[in-house]
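# Secondary and tertiary structure notes
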Amino acid sequence: MHDDRDGSNGHILERFLFDAVAELLRHEDEEKFFAWMRRNTADYLFIDGLPANEEMDKHFAATMARMLWDVTPLPGHNFQTRPGAAPERNSPCPCGSGKKYKQCCRQFESSTPALTSDQMWPVVIGLLSPSELERACASGNAPLEALGAAAERLLAEDKPKKALQIIEPLFRSPANFKKKDMDLLFEMLLYIYEQLGYSGKKIQMIDRIIEQAPRSPLRGSAFQRRAAICMDGGDDRSAWHYFQRAQQDNPDDPSNGVLEINLLVAESRFEKAKARAGFWLKKCGKLKSVAEVTEDFFREASSNPQNLFSDIAIGMAGGAGGRLKKWLAEVSGRKLPSYTFTKETIEMPGPPPEEKRKPEQQSLFTTFSREEHDDGDGLSESAGEETAFSCESIILEPPGPVRTVEKQWRNRFNFSKPFSIHLQTRGEFDPWDPDLEKEWCDFLDRHPEAFDSLEILDDIAGAVEIHPEGRQPWIMLELSPGLLQRASEIIKLALADEPDAVVTWLISANRPALRLLYRHYLYIMHHGDIDESLVTGQWLLRLNPTDNHGIREDVINELLKAGADEQALALAMGYPNDLILATSLGKALALYRLQRMDEAKKALGEAVRRNRHAVDSLVRERVGRPKVSEMGISIGGRDQAWIYRQDMRNTWQETPGAIDWLKKTASRLKKESEKKKMN
């Protein structure tokens, strides 16, 4: 016997409904179910303070028994209902009162709210075994809304695997893709996959919907998801393509607007993001049932999208970064500090520079400079000895008060500098741990002069690199610009009277400044404009011509794309034995454009000698993506050639005759090399 007299009335009735349907499904026998209802209903109707009413209990039991039987889908009947015969008006009442039906329960039924089959489905689903559940979904008789509600309830109870058993079978048949509300169930399915860590299944399902679903809100949702994946992976071009497909499938879906604003902000197109947010806000006013939170999103994005997205990311990280953002706003107007410098003569790797050569032309990168023994074919081997030369480097020194605050900071921010040329702060603990973040943010609040320290700015920038939501561009967009712009301005002021200064990476004291400049270069390249990134990149190469971070590849390529052939050539000439493919191929392209054909041929020979796949990768119409090792690019490998092709093939194609010249010259070089070997 059921006993739940201490529970709330609502809970008791819910329990009654669940137990009654469970009994009904146990036998699927009308007489047995009616008998159970007569025996047990009174136990669920006990209410403290009210006397028992046997007659009312009988009415309720008979009425509910017939109602539940008539509207409950039965597994043994292909999940359809099997209503019983309604009592005749003058027949004995089923409740057993001895009265005629019309004078007994019929009057009670007229005042009892009716139940529907759709209302019963969530209860039934909760009672089915996995195999029965699969049959229910396959039957096509289960309402999608009921299946979704049941799955939602299971998710609320932290049972994602059971929820998956309900939703996943619905997507096995493409015939279901045309049904209403499948887009909502699709979003629920992807959420379940995320909860369970089934990333592979999630991608496969998205691609399957794109391939098999007709034009519909469902396919539009799949396009949205694919666009978001591309955006997170840095493939903006594909992200925009999928966004446009989503817009075509479901033009009035505000989710498309949210995606569009995300894409624009990720590309730092803030003014465009504001305008489009305003457009979507007006559109929401004309649509029905738009969520208030969606309208609020567009309203805030139309005012300050950068601030909105950083706040979202900071909120997702439990507030990590919020205090730093506030501090950066407070100290942004500080006067620049006056750094001084000393000079130190050190031994630099590479050959001594030619007289009057500019720093960007000096051969400072390679530790081995080899004298070429070349007969003119460009494919000859090199031999030589390691060389070095003396160079005067600047060492930046902060003012006294800044040195003092740096010593105090080190006791609060107990994390190691990044290893080698990496950018992320290292340490046993996470600087964004709430207690640790509070400690170093308290220090920053007490010491606004910390904003004057390249050492401290470097530490903070390293912490931003490992922010819990750092993979989202909004964190970098909000926290990095102030730090990195400040560092660049401090260094420019310190070196204002030293236009040819070298600030070498080989002196460890210079590394915070150079790391900050490199970060600034990357930020501008990804979020600013190409012209500014070129100026910053060339400045960094002049300061540190050994180019430990390898930015010369990007700078050479961008100079060639901009048609600055002389500058690209001058930079490439500074690294004569470079293992970076862009250097030798960039030299060849620049010389070809300048019609210095003999030198171009020789430069191409150098490129082929360093990577025999280089020319083939450029001239072929299609090249499959080779496997890239987790350890990085293999020098001289297909992956190195393919990466160069991805960035520069269009530039070669846009240069009249360059691809044909590549084919013919490479073939000629090969024949000349084979002929020389035979001799």
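Being a predicted model, the structure only gives us computed values, none of them experimental.

So, how was this worked out
Residues numbered from 1 in each chain as written. Predicted model: local features only at pLDDT ≥ 70, side-chain atom pairs only at ≥ 80, totals over all residues. Heavy atoms only, no water. Helix = DSSP H or I, 4+ residues; strand = E, 2+ residues; numbered from the N terminus. Buried < 20%, exposed > 50% of the residue type's maximum accessible area, 1.4 Å probe, protein only. Contact = heavy atoms within 4.5 Å. Areas by Shrake-Rupley, 256 points an atom, 1.4 Å probe, with all protein chains shown as cover. Expected span 1.5 Å × (residues − 1). Bend = angle between axes of the 7 residues up to and from the residue. Core = buried A, V, L, I, M, F, W, Y, C linked by side-chain atoms within 4.5 Å. Patch = residues over 30% accessible without salt bridge, like charges linked within 9 Å, V, L, I, M, F, W, Y side chains within 5 Å. Salt bridge = Lys/Arg side-chain N within 4 Å of Asp/Glu carboxyl O. Lys, Arg positive; Asp, Glu negative; His and termini not counted. Charge placed at Lys NZ, Arg CZ, Asp CG, Glu CD. Polar contact = N/O pair within 3.5 Å; in protein donor to acceptor, adjacent residues only side chain to side chain. Axes fitted to C-alpha atoms, helices over the stretch in contact; angles between N-to-C directions. Parallel < 35°, antiparallel > 145°, perpendicular 65-115°, else oblique. Left-handed = near helix turned anticlockwise from the far one by under 90°. Nonpolar A, V, L, I, M, F, W, Y, C, P; charged D, E, K, R; others polar. pLDDT = per-residue confidence, 0-100. Phe/Tyr/Trp six-rings, centres within 6.5 Å; stacked < 30°, edge-to-face > 60°. Lys NZ or Arg CZ within 6 Å of the ring centre and 35° of its normal. Arc of directions from axis to C-beta.

Moving on, we come to the overall build of the chain. Looking only at helices and strands, the chain has 30 helices and four strands in total. Split into buried and exposed, the 679 residues of the chain put 49% on the buried side. Counting contacts in the chain only where the partners sit at least 6 residues apart, residues at least 24 apart contribute 68% of the total. Counting every atom, the chain has about 34700 Å² of accessible surface; 48% of that belongs to carbon and sulfur.

Let us now look at helix 21 (residues 473-494). Its 22 residues give helix 21 an end-to-end C-alpha distance of 31 Å, which sits within 8% of 32 Å, the value for a rise of 1.5 Å per residue. At Ser480, helix 21 is deflected by roughly 45 degrees, the largest bend along its length, and proline Pro481 occurs up to four residues later in sequence.

Counting residues in each nonpolar core, the largest one holds 120 residues, and the members touching the most others are Leu324 and Trp652. Residue contributions to this core peak at 11 residues, all from helix 21. If you look at the next biggest cluster of nonpolar residues, it comprises 60 residues, including Phe16, Trp36, Leu68 and Ala163.

Here we take up a negative patch on the surface. On the surface, Asp430, Asp433, Asp435 and Glu439 cluster together into a negatively charged patch. Relative to the assigned elements, Asp435 resides in helix 19 (residues 434-446).

Below, the discussion takes up the side chain of Ser453. Structurally, Ser453 can be placed in the loop between helix 19 and helix 20 (454-465). Among the polar contacts made by the side chain of Ser453, one reaches the main-chain amide nitrogen of Glu455 at a distance of 3.2 Å. Not counting chain neighbours up to four residues away, the residues in contact with Ser453 comprise Tyr339, Val402 and Glu406.

Helix 21 packs onto helix 16 (residues 305-316) with a crossing angle of 115 degrees between their chain directions and a minimal axis gap of 8 Å. Taken together, the axes of helix 16 and helix 21 lie roughly perpendicular to each other. When the axes of helix 16 and helix 21 are compared, the crossing they make is left-handed. Facing Gln306, Asn307, Phe309, Ser310, Ala313 and Ile314 of helix 16, the residues of helix 21 in contact are Trp474, Ile475, Leu477 and Glu478. Residues belonging to the contact of helix 16 with helix 21 are distributed by class as follows: six nonpolar, three polar and one charged.

Attention now goes to the side chain of Thr665. Relative to the elements of secondary structure, Thr665 occurs in helix 30 (residues 658-678). Here Thr665 is in contact with Lys601 and Leu604, once residues within four sequence places are set aside.

In this section: the confidence of the model for the chain. Parts of the prediction with low pLDDT should not have their coordinates interpreted in detail. Residue-level pLDDT values for the chain average 85, and 90% of them are 70 or greater. This model gives residues 1-7 a pLDDT under 50, and the stretch forms 10 contacts once residues within four places in sequence are excluded.

Using the criterion set out here, one finds 20 aromatic pairs in the structure. Summarising the aromatic geometry, the rings of Phe16 and Phe60 are spaced 5.8 Å apart at their centres and angled 45 degrees between planes, so their arrangement reads as tilted. Highlighted residues: Phe16 in helix 1 (residues 9-27) and Phe60 in helix 3 (residues 54-71), separated in sequence by 44 residues. Residue Phe60 is classed as buried on the basis of its relative accessible area, which comes to 17%. Ring geometry for Tyr193 and Tyr198: centres 6.4 Å apart, planes at 50 degrees, overall tilted. Members of the aromatic cluster, joined through ring pairs, are Trp409, Phe413, Phe415, Trp432, Trp440 and Phe443. Of note, Lys492 hangs over the ring of Trp539, and the distance from its end group to the ring centre comes to 5.4 Å.

Our next topic: the pattern of salt bridges. Under the defined criterion, the tally for this structure stands at 44 salt bridges. Of the charged contacts in the structure, one is a salt bridge between Lys343 and Glu498, with a shortest N-O distance of 3.5 Å. Here Glu498 lies in the loop between helix 21 and helix 22 (511-527) and Lys343 lies in strand 1 (residues 340-349), a separation of 155 residues in the sequence. Classification of Lys343 as partly exposed rests on a relative accessible area of 43%. A salt bridge links Lys561 to Asp647; the nearest nitrogen and oxygen atoms lie 2.5 Å apart. Here Asp647 lies in helix 29 (residues 638-654) and Lys561 lies in helix 24 (residues 552-561), a separation of 86 residues in the sequence. Residue Lys561 is classed as partly exposed on the basis of its relative accessible area, which comes to 36%. Residues participating in the shared-partner salt-bridge network are Arg410, Lys417, Glu455, Asp458, Asp459, Glu465, Arg515 and Arg519.

Every buried residue belonging to helix 6 (residues 130-139) is among Leu133, Ala136, Cys137 and Ser139, and all of these are buried. Down the axis of helix 6, the buried side of the element spans an arc of 160 degrees, and every buried residue falls inside it. Buried residues in helix 6 make contact with helix 5 (117-127), helix 7 (144-156) and helix 8 (160-167). One or two positions beyond helix 6, positive phi appears at Gly140, with a value near 80 degrees.

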